[in-house]
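Fold and geometry: a report
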Amino acid sequence: MRLFEFPGGVHPDDHKELTRSKPLEALSAPELLNVSMAQHLGAPAQPLVKPGERVLVGQKIGEPRGFISAAVHSPVSGKVKRLTQVPHPELGRCQAVLIENDGEDERGYQPPERPWSELEPKRLVELLAEAGVVGLGGATFPSHVKLSPPENKPIDTVILNGVECEPYLTSDHRLMLERPDDVVLGLKIVRSILGAKQALIAVESNKSDAAAKLSAKLIHGDSGIEIVVPRVRYPQGAEKQLIYACTKRRVPNGGLPMDVGCVVHNVGTAVAIRDALVDGRPLISRALTITGMGVDTPKNLLAAIGTPLSALVDACGGLKSGTVKVISGGPMMGIALGTLDQPMIKSTGGLLCLTASETFKPEQGPCIRCGRCIRACPMRLQPTLIAARTKLDDFDECLRIGARDCMECGCCAYSCPAGIPLVQYIKLAKSEIAQLQRRRKEEAR
Amino acid sequence: MSQPAQLFHAGPSPHIRQPESTRRIMLWVIVALLPAALYGVYLFGANAALVLVLCTGFAVVLEALWQRMIGRPMVVGDGSAALTGLLLALNLPPNAPWWMCLIGAAVAVIVAKGVFGGLGQNVFNPALVARVFLLISFPVQMTDYAPPAAPFGTGAAVDAASYATPLAAMKEQLLTSGVLGPLEHGFTRLSGITGNMGGSLGEMSFLLLLLGGAFLLVRRVITWQIPASFIGTVVALTGLMHVIDPARYADPLFHLVTGGLMLGAFFMATDYVTSPMTAKGQLIFGVLCGLLTVVIRLWGGYPEGVSFAILLGNAAVPLIDRYTMPKVFGSTRGKPAKEARA
C-alpha cells in the first residue's frame, strides 16, 4: 500500500469533535461592517469609495496595488459611512471601509460573459484577480498569482488541500461534505487553467466521510482526479509536506511548488474560484470555525467579510468565563488576538477560544537534548541548535544550518518539554539573517 | 463591542503543547526504576534501602547547595538530581558505606554536572562518572558485594566475606585456568534472571529492568534505538565469540542477565543529555556502547564494562551528532537537480 506521509511532524489532539458534525450555518450580515483593505498577504488595496456613496453586494471597493495584491468587494448593499482604521492581526492597524448594511442585498455582480469552459485561461485568471480570490488555507496568497506560473515552469499536478491539519478547525471538512460538487468543479477549473494532467484531492484520514463523498462525485464525471488519504499529522497541509506526501517530490530549498511542477490550492479556495467563475460572485464571505472550550456553542459559520469578530462569537452563544485566549486561526500557527473589536478578514479561518487548561505551557528550563524538536521538524532542521546559536547572536551559523528554511509551523516549540519557545528563536534568526544579508549587499555596492 | 481589550492573553504560537515537561520525564524514569530498586531492597535488606535514600538525598541537597553557592537559579525541583542520585545508588554495591554515597553524589552533581553548567550541559553521565570515580578510588569497597537473600529457594550458600559477581568469577577463572568452569554458588542462567547473584543494588532483576525499560518505551520517554542496538550488539558479539570458542567465552544469555547491561542500556545510555539526538546517531551510539562493553568484558582488565563503555560512548556523542544531523528537507546539496523533479 502506498503511504502518504512526510517526515517529522506532530500529532496533537485534534478536538475536531467540537464542531465536526455541525453543518455550516449562514450568518446574516450585521448592520455595520468594517471591510479591511489588507485582507491577505501582499500590498493592501486602495479604497475606491467615498463616504456617503451607495455600494452593492460584490461591488469592488478596493483596488489591488501591484501584482501580489487582490481586489476587495462589498459583502452587502448599503452606504459607505467613512474610512476607518481597524486592528489587523499581523500589520497592527490598517485602513478599512465602514459600510452600513441596508439589508436589501442588492446585487452588483454578474456571471462572466461566457461559461468558464469557453474562456481563455488568461481571461479566467483576470476574472479571479478582479474577484479578489485569495487562498483560504491560511496564508491568503492571491490565487491569480499561483495560477500564472512562468512559461518555463510547466505544471503537471494540481493538489487540492482538504487536509485541514490544524487541530480544532473543521470548516474545510464541512465544505467538502456540503459542497462536494463545487469543490470538484473548482479543481477542474484550476486544472484546466494550468493545463495540468494530474489532479489530486488530499483529505486526511480523520475526514474519511468527506473523502467518500468526494469519491462518489468522481464516479460519473471525468476521472483523472484522485482522492489521496494521508494519515493524520500536523503540518500535513503545508505545501511542501503535502506535495511530498502525495507525490514524493521535494520542493527545493528556497523554491516554490511550481519548481516541481505542482500547484496546491485549498478546498475553500476551489469553491471560491468556482463561485467567481461560474456565478461571478467575488470573495465576500467565507466558511470558518468558531470553537474551543471557551465558547458556549462551537459552530461552523458562513460569514461576510467585515463582520466584527464579537458578532461571530455572539452567534455562538458568547464566551464562557475562564476564556484566556482568542486565536485567529488554529492553535499551532494562529495569532492570539488582544480584542474581539476587529473585523473578520479573508484570512480568518477560525476563531479559537481557549481556556487556561487548553493552553498548557511547561515552565521554561534548559534544553535537555531530548531531540524531540529535531524529530518533529518537518523541514528536517535542528531547532534547538538554531535557538542556541540565536542566543549567541551567531546568525551566520543559523543561516548555514538552514534557519531560513523554517516555515514556522511550531512543531518544535509544541514538542519541547523544556518549554523553550524554539520557533520564536528561529523567527528571530530569520529576521536577523535577512537584515545581515541586506547590510552586506549594501556594503558590497 | 462587549469585550475589554485586556481580556485575553497574547503570546506567540503554538498555543498548545504536548503535555510532557522536563520534570515529568525525570519522574517517569524514576517510576520506571522503582521496581528494580525495591527488588534490591528486598534482596539486600535495610542497607540497600539506606544506600538508596542517602544517594538520592545527598544528590538533591548537594545540587541545591551548589546552585545557591554559584548563584544560579535553583532548579533542583526539575527532578534531575534525584534521578542521578537514584541511578548512582543502583550502581553501587548494596552494602556501600554512607561516605561513599556522599562522595559519589558530590562527584555526580557537582563535578560531572554542575561545573559543566548544570542540566543539559554535561558531557558525561553524572551517575556513571561518580560510579567509575568510586570504583577506581575505592576498589575494595566497590567490589565488596553482599550476598542476596536467595529468592525462589535456589539455596545459595551464604558467604558473608565476599561474594563475587558472576562476571568477576568468570574473569578470575579465565585468568587462572584459561577456560570457563562452573560458576561458584551454583550460579545459573535462572539465578541471573531472578537476581540470585552478586552485583550492584539495581542490576539484579533482569525482568524488572526490562519491565521498566518497556514502560519508558511505551510512554515514549525513550526511543528503541539505543537499548536495541546496545543489547543487540552485545548479544551478537558475545554470541559470535561463544560459537568460535565456547570454552573461553560464555554464551550471550549469560552476558545479558549478568552485570549492568539492562540497567545501562535502558536507563543510563538513554540519558538525553549525554546521548545523540537523532535516531541514526542513537543507533551508532548503541552499537559503540555494545562494542566497548564486549571488548572490556571479554578482553579488558575489568570484569564489567557497561559503565566504561557508556562513558566512552558519551565522549563520542558530539562527533556522532555532528555527522548524523538530518539534511534540510528539499536540500539539493550534492544531488543532481533532476532528482527534485523525479
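All values reported here derive from a predicted model rather than from experimental measurement. (Residues numbered from 1 in each chain as written. Chains lettered and ligands numbered in written order. Predicted model: local features only at pLDDT ≥ 70, side-chain atom pairs only at ≥ 80, totals over all residues. Heavy atoms only, no water.)

**Considering a nonpolar patch on the surface**
Where nonpolar side chains cluster on the molecular surface, the patch consists of Leu217, Trp224 and Leu283 of chain B and spans about 270 Å² of accessible area. Structurally, Trp224 of chain B can be placed in the loop between helix H9 (206-218) and helix H10 (225-244). (Patch = residues over 30% accessible without salt bridge, like charges linked within 9 Å, V, L, I, M, F, W, Y side chains within 5 Å. Areas by Shrake-Rupley, 256 points an atom, 1.4 Å probe, with all protein chains shown as cover. Salt bridge = Lys/Arg side-chain N within 4 Å of Asp/Glu carboxyl O. Helix = DSSP H or I, 4+ residues; strand = E, 2+ residues; numbered from the N terminus.)

**Remarks on H9 of chain B**
Residues and elements named next belong to chain B. Taking 1.5 Å of rise per residue, the 13 residues of H9 would be expected to cover 18 Å, and the 18 Å separating its terminal C-alpha atoms lies within 8% of that figure. Three or more residues of H9 are buried, namely Phe206, Leu209, Gly212, Gly213 and Leu216. Along the axis of H9, the buried residues cluster in a sector spanning 135°; they form a single face. What points out from H9, more than 90 degrees from its buried face, is the exposed set Leu207, Leu211 and Val218. Looking at the buried positions of H9, the neighbouring elements they touch are helix H1 (22-44), helix H8 (189-194), helix H11 (252-257) and helix H12 (261-268). (Expected span 1.5 Å × (residues − 1). Buried < 20%, exposed > 50% of the residue type's maximum accessible area, 1.4 Å probe, protein only. Arc of directions from axis to C-beta. Contact = heavy atoms within 4.5 Å.)

**A look at the confidence of the model for chain B**
Overall, the predicted model of chain B reaches an average pLDDT of 88, with 89% of residues at or above 70. Scoring of the predicted complex yields 0.90 for pTM and 0.88 for ipTM. (pLDDT = per-residue confidence, 0-100.)

**Quick word on the pattern of salt bridges**
All names here are of chain A. For the structure shown, the criterion picks out 29 salt bridges over all chains. With a shortest N-O distance of 3.0 Å, Glu5 and Arg231 are connected by a salt bridge. One end of the pair, Glu5, is in the segment before strand E1 (25-26); the other, Arg231, is in the loop between strand E11 (225-228) and helix H6 (239-247), with 226 residues separating them in the sequence. Connected through salt bridges with shared partners, the residues Arg179, Asp182, Arg274, Asp275 and Asp279 form a single ionic network.

**Notes on empty space enclosed by the protein**
Residue and element names in this part refer to chain B. Taken as a whole, this structure holds ten cavities of 30 Å³ or more when the rule is applied. As a volume, the largest cavity reaches approximately 300 Å³. What lines the largest cavity is a set of 23 residues, among which Met26, Leu83, Leu87, Asp271 and Tyr272 lie closest to the centre. For the lining of the largest cavity, the secondary structure elements donating two or more residues are H1, helix H3 (80-90), helix H5 (126-137) and H12. Ranked by the residues each element gives to the lining of the largest cavity, the list is headed by H3, at four residues. Considered class by class, the residues forming the lining of the largest cavity number 16 nonpolar, five polar and two charged. (1 Å grid on protein atoms, 1.4 Å probe; cavity = no way out; pocket = protein on both sides within 12 Å on 5 of 7 lines; lining within 4 Å. Points joined across faces, edges and corners; volume = space filled by probe spheres on them. Nonpolar A, V, L, I, M, F, W, Y, C, P; charged D, E, K, R; others polar.)

**Re the pairing of strand E2 (residues 32-36) of chain A**
Residues and elements named next belong to chain A. Along E2, four of the five residues are buried, which leaves the element largely enclosed by surrounding structure. Where E2 lies against strand E8 (residues 92-101), five bridges are found, and the strand directions are antiparallel. Residue Leu32 lies in a different strand from E8, and its bridge partner there is Glu100. (Pairing = 2+ DSSP bridges.)

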